[in-house]
Amino acid sequence: MNTDRIATATPSERARRQAQIVQALGAHVPAHALLWHSEDTTPYECDGLTAYRQRPLVVCLPETEPQVQAVLQACHALEVPVVARGAGTGLSGGAMPHALGVVLSLAKFNRILQVDAYSRTAVVQCGVRNLAISEAAAPYGLYYAPDPSSQIACTIGGNVAENSGGVHCLKYGLTVHNVLEVKGFTMAGEPVTFGSQALDTPGYDLLAAVIGSEGMLAVVTEVTVRLIPKPQLARCIMASFDDVRKAGAAVAAVIAAGIIPAGLEMMDKPMTAAVEDFVQAGYDLTAEAILLCESDGTPEEVAEEIERMSAVLRDAGATAITVSENEAERLRFWSGRKNAFPASGRISPDYMCMDSTIPRKRLADILLAIQAMEQKYQLRCANVFHAGDGNLHPLILFDANDADQLHRCELFGADILETSVAMGGTVTGEHGVGVEKLNSMCTQFSAEENAQMFALKAAFDPLGLLNPGKVIPTLNRCAEYGKMLVRGGQISHPDLPRF
């Protein structure tokens, strides 16, 4: 389908297209599974990136895999774009609908199919919440390690799409390291399986290509995840620093000492102030930055590692070190980090959460650069970091009701991403590209590299109907972006609907 038709479609053409889609899908799903009135489709117009919004023509909520397959086949025959959606907690606009397409909501695929304590695996449908997997595995002394801050709401299908991580990803890995098998359908409705529960997979190993593909290659319906034993004990160090350079150097020093903490997170002073007012986690409000360093394992292992980490942190210039004495205190320390996003929502009408990755040794450099950008763009920014693996989450605070503030926020975010690339990093760590980072992809990847990414998508979806217009920038977009940079300007997202 030619996506340029979005701009030229008249209301009557949209109405005819909508009626055609409803009729076609109505042959495969019950009436209550189709939504097309504006008041019903409005809740689906964006994900967690609320700056850009678009109502779809139709929302479909299938209940069985045969229904998913039939819906995809019908949409493929009509050349209707499809955007798969889970809980909508994504932060890059990956689930923003297509104006002439269908949102395929998989919210009803919420069953845990099997928990196998012997193989330490769980088979779950794509709409199962991240935290629900660990809750189901808990009676067996097991849990699912990736724990994004949205884990109480986000779904495993969305985690697969974005390759989500969380505060414990340093030691236990991202989604890609904890998923064994993914099942689903191509845009044409062909059943596909990626990976396996065996040690090796016949043919090409495409599991890692699908994980993190942001719904561009297939619609995921079932996931087999790896479970691990719950540690006997976990304790957390809260270390304060009077200088962000010292805090950044401390992160590198911990890793250089051969220590791989279960979690290693960093927050700057504005963020600690915001979360402390929200959850009273016990943070040091005088510190320029704090580190949360967790150790888990047997009591003996934890005691030794806590002692080693404390010594490294003191040598790196920590002004105060507090170690959790019990589980309640450990959870309180983490409650602030886990609530960084809602805490930011209390101090600003809106925020845009960026997501780049840099070498650990450049943590202080990027923080200082962001402080300079605050002055440049006249906007505040609070920072949280998956410091152990260099994944940044700067939260730019703005008011979306002010068009100029939104524009400055976009420029601020692009500046952070491009500075990260210049420091040897990437434009995304775990939130994905979606629509948010399309321009910045032009900075990181060459035209040839983007063409290769398009070629991979075309192998799965030749018509380009599955989540079109996301992730991979077109050659024309990158050319225009390059011209704007030469002129000293910067394009934002003129082709995306906003508030």
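One can find the structure itself at the top, above this paragraph.
In this report, we go over the structure that sits alongside the text. Treat the numbers as computed from the prediction; the structure is a model and nothing was measured.

### Observations regarding the overall build of the protein
Part 1 of the argument: For the protein, the count of helices and strands is 18 helices and 18 strands.
Part 2 of the argument: In summary, the protein has a C-alpha radius of gyration of 23 Å against a globular reference of 23 Å for 499 residues, a match within 12%.
Part 3 of the argument: In terms of principal-axis extent, the alpha carbons of the protein reach across some 70 × 60 × 40 Å.
Part 4 of the argument: Across the 499 residues that make up the protein, the buried fraction comes to 56%.
Part 5 of the argument: Contacts in the protein between residues far apart in sequence, at least 24 positions, make up 72% of those at least 6 positions apart.

### Observations concerning the packing of helix 14 (residues 363-377) against helix 15 (residues 403-422)
Part 1 of the argument: Closest axis-to-axis distance for the helix 14/helix 15 pair is 10 Å, and the angle between their directions is 155 degrees. Relative to helix 15, the element helix 14 lies roughly antiparallel. In the packing of helix 14 onto helix 15, the handedness of the crossing is right-handed. Of the residues in helix 15, those touching helix 14 at Ile-366, Ala-369, Ile-370, Met-373, Glu-374, Lys-376 and Tyr-377 are Arg-408, Leu-411, Phe-412, Asp-415, Ile-416, Thr-419 and Ser-420.
Part 2 of the argument: Across the contact of helix 14 with helix 15, the residue classes break down as eight nonpolar, two polar and four charged.

### Observations regarding the packing of aromatic side chains
Part 1 of the argument: What the rule picks out here adds up to four aromatic pairs.
Part 2 of the argument: Their ring planes at 45 degrees and their centres at 6.1 Å tell us that Phe-194 and Phe-460 sit as a pair that is tilted. Residue Phe-194 is located in strand 9 (residues 191-195), and its partner Phe-460 is located in helix 17 (residues 447-460); the two are separated by 266 residues in the primary sequence.
Part 3 of the argument: Looking at Phe-460, the relative accessible area reads 16%, which means it is buried.
Part 4 of the argument: Taken together, a centroid distance of 5.3 Å and an interplanar angle of 25 degrees make the contact between Tyr-377 and Phe-412 stacked. Remark: Phe-412 occurs in helix 15 and Tyr-377 occurs in helix 14; sequence separation between them is 35 residues.

### Thoughts on helix 17
Part 1 of the argument: For helix 17, which comprises 14 residues, the first-to-last C-alpha distance of 21 Å matches the rise-based estimate of 20 Å (1.5 Å per residue) to within 8%.
Part 2 of the argument: Taken as a whole, helix 17 has its buried residues at Asn-450, Lys-457 and Phe-460. One side of helix 17 carries all its buried residues, which in axial view fall inside an arc of 70 degrees. Of the exposed residues in helix 17, those oriented more than 90 degrees away from the buried face are Glu-448, Gln-452 and Ala-459.

### Description of the pattern of salt bridges
Part 1 of the argument: Applying the stated criterion to the full structure yields 20 salt bridges.
Part 2 of the argument: Across the salt bridge formed by Lys-246 and Asp-242, the nearest N and O atoms sit 3.2 Å from each other.
Part 3 of the argument: You can call Lys-246 partly exposed: its relative accessible area is 34%.
Part 4 of the argument: Ionic pairing is found between Asp-404 and Arg-408, a salt bridge with its closest N-O pair at 2.8 Å. Taken together, the positions of Asp-404 and Arg-408, both in helix 15 and four residues apart, correspond to about one turn of that helix.

### Quick look at unusual backbone geometry
Part 1 of the argument: Of note in the backbone geometry, Asn-163 takes a positive phi value of approximately 55 degrees without being a glycine.
Part 2 of the argument: By the secondary structure assignment, Asn-163 is in the loop between helix 6 (156-162) and helix 7 (169-172).
Part 3 of the argument: Here the phi dihedral of Val-471 falls at roughly 70 degrees; this positive angle occurs in a residue that is not glycine.
Part 4 of the argument: By the secondary structure assignment, Val-471 is in the loop between helix 17 and helix 18 (475-486).
Part 5 of the argument: Owing to a relative accessible area of 12%, Val-471 belongs among the buried residues under this scheme.

### Details of the sheet that holds strand 18 (residues 391-398)
Adjacent strands of a sheet pair through backbone hydrogen bonds, lying either parallel or antiparallel.
Part 1 of the argument: One open sheet accounts for seven strands, arranged 15-12-14-13-17-18-16; its pairing is antiparallel. Of all the strands in the sheet, the pair left with one neighbour each is strand 15 (320-323) and strand 16 (350-353). Direction aside, the axes of adjacent strands within the sheet are offset by 15 degrees on average.
Part 2 of the argument: Taken together, the nine bridges between strand 12 (residues 233-241) and strand 14 (residues 289-297) define a ladder with antiparallel strand orientation. Bridge pairing links Met-238 to Leu-292 in strand 14.
Part 3 of the argument: Docked against the sheet, helix 10 (residues 269-279) engages strand 13 (263-268), strand 14, strand 17 (381-386) and strand 18, running at close to 95 degrees with respect to strand 13.
Part 4 of the argument: Along the sheet, helix 12 (residues 327-338) makes contact with strand 12, strand 13, strand 14, strand 15, strand 17 and strand 18, crossing strand 12 at roughly 50 degrees.

### Observations regarding the sheet that holds strand 1 (residues 34-35)
Part 1 of the argument: In space, the four strands of this open sheet follow the order 1-2-4-3, with mixed pairing throughout. Taken across any chain shown, the strands that pair with only one partner, and hence form the sheet edges, are strand 1 and strand 3 (82-85).
Part 2 of the argument: Relative to strand 2 (residues 58-60), strand 1 runs antiparallel, the two sharing two bridges. Within strand 2, the residue paired with Leu-35 across the bridge is Val-59.
Part 3 of the argument: Lying on the sheet, helix 4 (residues 65-78) is in contact with strand 2, strand 3 and strand 4 (102-105); it crosses strand 4 at an angle near 170 degrees.

### Some thoughts on the state of the cysteines
Part 1 of the argument: One pass over the full model with this rule turns up one disulfide.
Part 2 of the argument: Through a disulfide, Cys-442 is tied to Cys-478; the S-S separation comes to 2.2 Å. Between Cys-442 and Cys-478, the disulfide has an S-S torsion of -85 degrees and is therefore left-handed. Taken as a pair, Cys-442 in helix 16 (residues 438-444) and Cys-478 in helix 18 lie far apart in primary sequence, 36 residues in all.
Part 3 of the argument: Cys-46 carries a free sulfur, and the closest cysteine sulfur to it, the one in Cys-409, is 15 Å from it.
Part 4 of the argument: By relative accessible area, which is 11% here, Cys-46 ends up buried.

Calculation notes
Residues numbered from 1 in each chain as written. Predicted model: local features only at pLDDT ≥ 70, side-chain atom pairs only at ≥ 80, totals over all residues. Heavy atoms only, no water. Helix = DSSP H or I, 4+ residues; strand = E, 2+ residues; numbered from the N terminus. Rg over C-alpha atoms; globule rule 2.2 N^0.38 Å. Buried < 20%, exposed > 50% of the residue type's maximum accessible area, 1.4 Å probe, protein only. Contact = heavy atoms within 4.5 Å. Axes fitted to C-alpha atoms, helices over the stretch in contact; angles between N-to-C directions. Parallel < 35°, antiparallel > 145°, perpendicular 65-115°, else oblique. Left-handed = near helix turned anticlockwise from the far one by under 90°. Nonpolar A, V, L, I, M, F, W, Y, C, P; charged D, E, K, R; others polar. Phe/Tyr/Trp six-rings, centres within 6.5 Å; stacked < 30°, edge-to-face > 60°. Expected span 1.5 Å × (residues − 1). Arc of directions from axis to C-beta. Salt bridge = Lys/Arg side-chain N within 4 Å of Asp/Glu carboxyl O. Pairing = 2+ DSSP bridges. Disulfide = S-S within 2.5 Å.

Without other data, these values stay purely geometric and don't point to any function.
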